[in-house]
Amino acid sequence: MDGTRRTGRSAPPGDADLFLVEFCATWAADDAAQVHHALRYAVRRLAAAGTAIRWCSGLLVPAEHRVLCLVEAGSRDDVVLARDTAALPNASVHRVRPLPDPPSPRHRGRS
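Quick notes on the rules
- Residues numbered from 1 in each chain as written.
- Predicted model: local features only at pLDDT ≥ 70, side-chain atom pairs only at ≥ 80, totals over all residues.
- Heavy atoms only, no water.
- Pairing = 2+ DSSP bridges.
- Helix = DSSP H or I, 4+ residues; strand = E, 2+ residues; numbered from the N terminus.
- Axes fitted to C-alpha atoms, helices over the stretch in contact; angles between N-to-C directions.
- Contact = heavy atoms within 4.5 Å.
- pLDDT = per-residue confidence, 0-100.

Across the sheet, 4 strands lie side by side as β2-β3-β1-β4; this open sheet has antiparallel pairing. Edge strands, defined here as strands with exactly one partner in the open sheet, are β2 (53-61) and β4 (92-96). Taken over all neighbouring pairs, the strand axes of this sheet differ in orientation by 25 degrees on average, direction set aside. When strand β1 (residues 17-24) meets β4, the two strands line up antiparallel, connected through 5 bridges. When the sheet's bridge partners are listed, Glu-22 is paired in β4 with Ser-92. Sheet strands in contact with helix α2 (residues 76-85) are β1, β2, β3 (66-73) and β4, and its direction is about 150 degrees off that of β4.

Let us now look at the confidence of the model for the protein. Here the protein averages 83 in pLDDT, and 78% of its residues register 70 or above. The model gives residues 1-13 a pLDDT under 50, and that stretch makes 28 contacts with residues more than four places away or in other chains.

See below:
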């Protein structure tokens, strides 16, 4: 990342990165859902205000009490701002990228 802050404008297509926001939900499942909702709401509010950020997905890993949220943003700073806005200072933010998903061999060459 070049460190350029893109807050306040939309990122050009293909210029956004994916980020994984991860936190331990050592509480009940209802509490994990509330924390997930808080982050999603923070992302929506920032996007409505012009920040280059978009909610992608949220997952709960019940056996490990972890909540994983995937967010697309113009910069890591924008995701950290959403995390802080949601009052989740202990959540980690990692830049991630999708792995290639080649077509299965049985679908190749068929008409």
